[in-house]
Amino acid sequence: MREVPKVLTLVLAVTGALAASKPGTIDAATALAHAREVTNIKSEGAPPFHLRASLWIAEAKQDGKEGRYEIWWRAPSSWREEIDYPGRHQIAGQDGERAWILTDAPYQSLRIFDVVNAIDVAASAKLPAGGTIESVKESHRAGTKIRLRQHGRFPWSEIIIDAQIGAPIRHETGPSASAMQRFRTTIEYENYRPWHERSFPALIRRRDASKTVLEIRVMELEDLDSDAARWSRPDGATNRPICTDEELAAELSCDIGPEMPLDTPQFPGTRSSGTASVRAVLARDGRVHDIVVVDSLNFEADGELIRYLESWRCRPLTCGGVPVDAEIFESRPFSYVSASSP
């Protein structure tokens, strides 16, 4: 079983309770199961394959970066994956019960997590343990829209399943919705192509709020050859621990010092408050890295917020009892007083 990255996101906002809706039906559960089956090219017994894709990754103050993704897959416990774009190169794999990783950076970047999550299409249609089907809407044109109520840091997700091929074409998730906080992550799957008894999208797009941050274009999906050299563990690779369900649901614990309350951060210096949505990586050293503002309050406030997050010292999240890099998500009230205030 491969490591599943902790999917969190840091969002500072006023939050509210999610409104209850009509419960789902067994038909929705069947539709989800079928969507996973038809897109799960990495299931037990599926034909071994080689997938090659090009990447476009958004970067702050840049037009974006081009890169590549490849995976050689023989079984759920036998695979090798490579992600490469300017400034980042990561190889990961599994050989039986041993998972490993080789990276040229001190921590995994936010975009590495995005690529791995987006390419796992079948996972978008999974009902997490303890989750329930909250509502189901059917449309001849849009397909079946299924909304899930979940435990953990993302209390809801919404999947649209195409009526013709039975595969997910859109997946949204995010923190609790409120009048002031509507941030969500959206992944869209387009141009499905047949693969043996399954299907896989040739184009995958990820958006944070309204901004496109990732495009994956599948260039090749073919039967795997017998190149045994692809399965050797490279020199310098380290063991990669596998997460338990309890670790994936763990709460974040941070020390930011006595001068700033963690539950309601306020910055000194006209007063304003509102939504500021931020994604980041909590590295295994307990520091917050790769801080990306995806829903800005204002330019001045964004800078204060980033500096504030960089001062956090957190208890690392773990997999298999070992500290790991992880995306982080929190929802907290946020107010800002401009330095230009009289």
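Residues numbered from 1 in each chain as written. Predicted model: local features only at pLDDT ≥ 70, side-chain atom pairs only at ≥ 80, totals over all residues. Heavy atoms only, no water.

(A) Structural detail: the overall build of the protein. Counting secondary structure elements, the protein contains four helices and 25 strands. Out of the 342 residues in the protein, the part that is buried amounts to 50%. In the structure as shown, the protein presents an accessible area of about 16,300 Å², 50% of it carried by carbon and sulfur atoms. (Helix = DSSP H or I, 4+ residues; strand = E, 2+ residues; numbered from the N terminus. Buried < 20%, exposed > 50% of the residue type's maximum accessible area, 1.4 Å probe, protein only. Areas by Shrake-Rupley, 256 points an atom, 1.4 Å probe, with all protein chains shown as cover.)

(B) The arrangement of empty space enclosed by the protein in detail. A volume near 70 Å³ is recorded for the largest cavity. If you trace the largest cavity, you find 13 residues lining it, with Ile41, Lys42, Phe49, Ile119 and Phe200 closest to the centre. At the level of secondary structure, the elements contributing two or more residues to the lining of the largest cavity comprise strand S2 (49–57) and strand S3 (65–75). Of the residues belonging to the lining of the largest cavity, the class tally is nine nonpolar, two polar and two charged. Lining the second largest cavity are Arg74, Ser78, Trp79, Arg80, Gln94, Asp95, Trp100 and Trp231. (1 Å grid on protein atoms, 1.4 Å probe; cavity = no way out; pocket = protein on both sides within 12 Å on 5 of 7 lines; lining within 4 Å. Points joined across faces, edges and corners; volume = space filled by probe spheres on them. Nonpolar A, V, L, I, M, F, W, Y, C, P; charged D, E, K, R; others polar.)

(C) Up close: the state of the cysteines. Tallied over the full model, the rule gives two disulfides. Across the disulfide, Cys243 is cross-linked to Cys319 (sulfur-sulfur distance 1.8 Å). Linking Cys243 and Cys319, the disulfide has an S-S dihedral of approximately 40 degrees and is accordingly described as right-handed. Comparing Cys243 with Cys319, the two get one shared label, buried. Each disulfide in the protein links cysteines that, numbered along the sequence, combine into the pattern 1-4, 2-3. (Disulfide = S-S within 2.5 Å.)

(D) Broad picture of helix H2 (residues 110–119). Across the 10 residues of H2, 10 count as buried, placing the element largely inside the fold. Every buried residue of H2 is listed here: Leu110, Arg111, Ile112, Phe113, Asp114, Val115, Val116, Asn117, Ala118 and Ile119.

(E) Structural detail: helix H4 (residues 299–310). Helix length check: H4, at 12 residues, gives a terminal C-alpha distance of 17 Å against a target of 16 Å (1.5 Å per residue), a fit within 8%. The set of residues buried in H4 consists of Ala301, Asp302, Leu305, Tyr308 and Leu309. All buried residues of H4 lie within an arc of 125 degrees about the axis, which places them on one face of the element. Those residues of H4 that are exposed and aimed more than 90 degrees away from the buried face are Phe299 and Arg307. (Expected span 1.5 Å × (residues − 1). Arc of directions from axis to C-beta.)

As far as function goes, none of this settles anything; it's purely spatial.
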